[in-house]
Amino acid sequence: MLTRAAGLVAAFVAGLALVVAAVLVVRHLTAPSEPELPVVPEARRPVVEAAVRACTPLSVPLLAAQIDAESGWRPDADSGHAQGISQFSPVTWKEWGQDGDGDGKANVWEPRDAIPSQARYMCHLYEVVKAVPGSKTTLGATQLALAAYNAGPNAVLRARGVPKILETQDYVDKIVKDLLPKYRESEEKYQRSEAKHTSGASASPSGSSSAPPSGSSSTSPSTDPSATAPGDSPPATRRP
């Protein structure tokens, strides 16, 4: 009798374990997965990092979020009035486009030209919006500079803030409230991964320390006075 009772208990425990395991599996399968974070494409990282070093207010996450909003990282993006990965209008490109890849010509369809030009223009816009109320905070200045990139600096100066243009307001909100936090998180993960990689290479048996991989430089931008043009008149807007 005792043996039979022990067998029943063992069977009950085994059955209970199976039920618990099944519940855990179902919970795992039905649990909402964590949304995938956007990342800076590896092919674009060197030019993005170099571009932000030329403009103090910019950062890798901010420039990346803006490029994402502009073109989704597509070099061939064409809205009909703006072109390339950074979505310059022909008028604005004529004034701000520069040769970034050293081939002797400024090509709006070439990311190595367009992204540095975007950073240079944004740096100028940060200077322009300093005269607008709300620009004294980092967030306020960023919102105004982004609005100026989208609607043109004259529109921001006239409105004394973000213009009441639905497209521009949605553009600023998408970058600041949605994309920027995600790119900040993904960039933090990238930097932690790079730090581990560098630390592991430094701890190799040979004892020699390896240089950081290409494109893994610090995201902290440095100041380049030539990147700003506070004395310039506001450029033409991006809209035709």
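Just so we're clear, the structure is a prediction, and the values are computed from it rather than from any experiment.

Caption draft 1: Representation of the overall build of the chain within the structure. Within the chain, the secondary structure is distributed over 8 helices and 0 strands. Helices and strands in the chain line up, N terminus first, as α-α-α-α-α-α-α-α. For the chain, the proportion of its 240 residues judged to be buried stands at 38%. When contacts within the chain are restricted to residue pairs at least 6 apart in sequence, those whose partners lie at least 24 apart make up 64%. Surface summary for the chain: the accessible area is close to 13,200 Å², and the carbon and sulfur share equals 59%.

Caption draft 2: Representation of helix α2 (residues 45-52) within the structure. Most of α2 sits out of view: 6 of its 8 residues are buried. Regarding α2, the residues found buried are Arg 45, Val 47, Val 48, Glu 49, Ala 51 and Val 52.

Caption draft 3: Spatial organisation of the side chain of Ser 117. Looking at where Ser 117 falls in the secondary structure, it is placed in helix α5 (residues 111-128). Of the polar contacts made by the side chain of Ser 117, one reaches the backbone nitrogen of Gln 98; its length is 2.9 Å.

Caption draft 4: Seen up close, the confidence of the model for the chain. Predicted confidence across the chain gives a mean pLDDT of 82, with 70% of residues reaching 70 or more. Throughout residues 207-240 the model reports pLDDT below 50, and contacts reaching past four residues in sequence, or to other chains, amount to 83 contacts.

Caption draft 5: Broad picture of the packing of α2 against helix α3 (residues 60-71). One can describe the packing of α2 onto α3 by two numbers: an axis separation of 9 Å at closest approach and a directional angle of 120°. Taken together, the axes of α2 and α3 lie oblique to each other. When the axes of α2 and α3 are compared, the crossing they make is right-handed. Of the residues in α3, those in contact with Arg 45, Val 48, Glu 49, Ala 51 and Val 52 of α2 are Val 60, Leu 63 and Ile 67. Partitioning the contact of α2 with α3 into residue classes produces 6 nonpolar, no polar and 2 charged.

Caption draft 6: Representation of the packing of aromatic side chains within the structure. According to the stated counting rule, one finds 5 aromatic pairs in the structure shown. Measuring from ring centre to ring centre gives 5.1 Å for Phe 88 and Trp 93, while their planes differ by 65°; the resulting arrangement is edge-to-face. Summarising the burial analysis for this pair, Phe 88 and Trp 93 share the class buried. Note on Tyr 121 and Tyr 149: the rings are 5.5 Å apart at their centroids and 45° apart in plane angle, and the pair reads as tilted. Of this pair, Tyr 121 sits in helix α5 while Tyr 149 sits in helix α6 (residues 138-151), placing them 28 residues apart in sequence. Neither residue differs from the other here; Tyr 121 and Tyr 149 are each classed as buried. One aromatic cluster is present, formed by Phe 88, Trp 93, Trp 96, Tyr 121 and Tyr 149 through successive ring pairs. Taking NZ or CZ as reference, Arg 45 lies 3.5 Å from the ring centre of Tyr 190, over its face.

Caption draft 7: Quick look at the pattern of salt bridges. For the structure on display, the rule yields 9 salt bridges. As a salt-bridge pair, Arg 45 and Glu 42 come within 3.8 Å of each other at their nearest N and O atoms. Taking relative accessible area as the criterion, Glu 42 reaches 52% and is therefore assigned exposed. Salt bridges sharing common partners tie together Glu 42, Arg 45, Glu 49 and Glu 187.

Caption draft 8: The environment of Gly 161, seen in detail. Relative to the helices and strands, Gly 161 is located in the loop between α7 (153-159) and α8 (166-202). Note on Gly 161: relative accessible area 10%, which makes it buried. Sequence separation between Gly 161 and Gly 140 is 21 residues; the distance between their C-alpha atoms is 9.1 Å. Once residues lying within four places of it in the same chain are set aside, the contact partners of Gly 161 are Val 132, Leu 144 and Val 156.

Caption draft 9: Up close: the nonpolar core. Among the nonpolar cores identified, the biggest contains 45 residues, and Val 48, Leu 58, Leu 63, Trp 73, Ile 115, Met 122 and Leu 146 are the most heavily contacted of them. If you list the elements that add at least two residues to this core, you get α2, α3, α4 (90-96), α5, α6 and α8. No other element matches the 8 residues that α5 contributes to this core. Residues contacting Ile 115, with those up to four places away along its chain left out, are Arg 44, Val 47, Val 48, Ala 51, Leu 63, Ile 67, Ile 85 and Ser 86.

Definitions and limits used
- Residues numbered from 1 in each chain as written.
- Predicted model: local features only at pLDDT ≥ 70, side-chain atom pairs only at ≥ 80, totals over all residues.
- Heavy atoms only, no water.
- Helix = DSSP H or I, 4+ residues; strand = E, 2+ residues; numbered from the N terminus.
- Buried < 20%, exposed > 50% of the residue type's maximum accessible area, 1.4 Å probe, protein only.
- Contact = heavy atoms within 4.5 Å.
- Areas by Shrake-Rupley, 256 points an atom, 1.4 Å probe, with all protein chains shown as cover.
- Polar contact = N/O pair within 3.5 Å; in protein donor to acceptor, adjacent residues only side chain to side chain.
- pLDDT = per-residue confidence, 0-100.
- Axes fitted to C-alpha atoms, helices over the stretch in contact; angles between N-to-C directions.
- Parallel < 35°, antiparallel > 145°, perpendicular 65-115°, else oblique.
- Left-handed = near helix turned anticlockwise from the far one by under 90°.
- Nonpolar A, V, L, I, M, F, W, Y, C, P; charged D, E, K, R; others polar.
- Phe/Tyr/Trp six-rings, centres within 6.5 Å; stacked < 30°, edge-to-face > 60°.
- Lys NZ or Arg CZ within 6 Å of the ring centre and 35° of its normal.
- Salt bridge = Lys/Arg side-chain N within 4 Å of Asp/Glu carboxyl O.
- Core = buried A, V, L, I, M, F, W, Y, C linked by side-chain atoms within 4.5 Å.

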